[in-house]
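Each chain, letter by letter, is given below.
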Amino acid sequence: METWTDSRGKKIYPVTQQSQSNRIALLINTETFTTSLYKCRAAKDEKVMQNLLQTLGYEVVRCGDITAKMIDKPLKEFSEHPKLALTDSVFVTLVCYGGTGTEEFEIDQIFQLLNTKNCPALKDKPKIIIIHACRGGDSHLSSHTQQTNEKDFIIFHSSTTCKCSYKHETYGSAFIQHIFEAVRKHCLTDDIEEIFRMVMQSFEEFPSEQMPTKERDTLTKRFYLFQS
């Protein structure tokens, strides 16, 4: 098997013109909103992420009007998408705004449905998970996950209560905006892990208790969105 490397000789995930033309991403917007303001902010975040993913060449499968308990259904359908055999990578983005309901989403669902056993089409391909979970009270994103033995995953998430998560009334959440800006500026030169590090650094002096987190990072190679 051919080994792909960058200019510094570091191993990288292969990206070809054909695989770029078959990129696919899943965008989930849970609509358990307690106020119209939350719904407006979530819609702005969804639009920003959809525009970003489409700019990167991903066909975006959108799923809205669902609750946390229903997320496994679009994930299961996405795991069977015929384009997965042709793509070089996938993004799965969850935008969660709402109130203090009792539902909780388990991150392990993503790993179980997109792992090599249940989704062989994504074997050896980077799977980038972005989660913005902002609730009226406590965040209902469960990070009490089992130890993974699956490689090629990375989760980048911000899970806060609404009072701690900075939002711009026009542009939506800072987390999504900072991802958009960092990817737009550095997608031609830096790998995805370095881009996420730049987003984290942008919050160091930010007027908020918010700090994005990289979790369960099992990318064994560097993933560049565009390669010459």
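Bear in mind the structure is a predicted one, so any value in this text is a computation, not a measurement. (Residues numbered from 1 in each chain as written. Predicted model: local features only at pLDDT ≥ 70, side-chain atom pairs only at ≥ 80, totals over all residues. Heavy atoms only, no water.)

Caption draft 1: Region of the structure containing helix 6 (residues 192-202). Those residues of helix 6 not exposed but buried are Ile-192, Glu-193, Ile-195, Phe-196, Met-198 and Val-199. One side-chain oxygen of the residue at the start of helix 6 lies 3.1 Å from the amide nitrogen of Glu-193, identifying that residue as Asp-191. (Buried < 20%, exposed > 50% of the residue type's maximum accessible area, 1.4 Å probe, protein only. Helix = DSSP H or I, 4+ residues; strand = E, 2+ residues; numbered from the N terminus. Polar contact = N/O pair within 3.5 Å; in protein donor to acceptor, adjacent residues only side chain to side chain.)

Caption draft 2: Examining the packing of helix 5 (residues 174-186) against helix 6 more closely. Where helix 5 meets helix 6, the axes come as close as 9 Å, and the angle between the chain directions of the two elements is 135 degrees. It follows from the interaxial angle that helix 5 and helix 6 lie oblique. Helix-helix and strand crossings are classified by hand; for helix 5 and helix 6 the assignment is right-handed. When helix 5 is examined against helix 6, the residues His-178, Ile-179, Ala-182, Val-183 and His-186 are found in contact with a partner set consisting of Ile-195, Met-198, Val-199 and Ser-202. The residue makeup of the contact of helix 5 with helix 6, split by class, is six nonpolar, three polar and no charged. (Axes fitted to C-alpha atoms, helices over the stretch in contact; angles between N-to-C directions. Parallel < 35°, antiparallel > 145°, perpendicular 65-115°, else oblique. Left-handed = near helix turned anticlockwise from the far one by under 90°. Contact = heavy atoms within 4.5 Å. Nonpolar A, V, L, I, M, F, W, Y, C, P; charged D, E, K, R; others polar.)

Caption draft 3: Structural context of the environment of His-157. Its location among the elements puts His-157 in strand 7 (residues 153-161). The buried category is assigned to His-157, whose relative accessible area is 7%. Separated by 26 residues in the primary sequence, His-157 and Ile-131 place their C-alpha atoms 4.5 Å from one another.

Caption draft 4: How the structure looks around the pattern of salt bridges. One pass over the full model with this rule turns up 13 salt bridges. Of the charged contacts, one joins Arg-222 and Asp-6 as a salt bridge, the two residues approaching to 3.9 Å between their closest N and O atoms. Note that Arg-222 is positioned in the segment after strand 10 (213-215) and Asp-6 in the segment before helix 1 (17-20), a separation of 216 residues in sequence. For Arg-222, a relative accessible area of 24% gives the class partly exposed. The shortest N-O distance in the salt bridge between Lys-151 and Asp-152 comes to 2.8 Å. You can call Asp-152 buried: its relative accessible area is 2%. Salt bridges linked by common partners bring Asp-6, Arg-8, Asp-191 and Arg-222 together as one network. (Salt bridge = Lys/Arg side-chain N within 4 Å of Asp/Glu carboxyl O.)

Caption draft 5: Broad picture of unusual backbone geometry. Here the phi dihedral of Asp-124 falls at roughly 65 degrees; this positive angle occurs in a residue that is not glycine. Assignment of secondary structure puts Asp-124 in the loop between helix 4 (108-114) and strand 5 (127-135). Here Arg-216, not a glycine, exhibits a phi torsion of approximately 45 degrees, which is positive. Mapped onto the fold, Arg-216 is located in the segment after strand 10. On the basis of relative accessibility, which here comes to 16%, the residue Arg-216 falls in the buried class.

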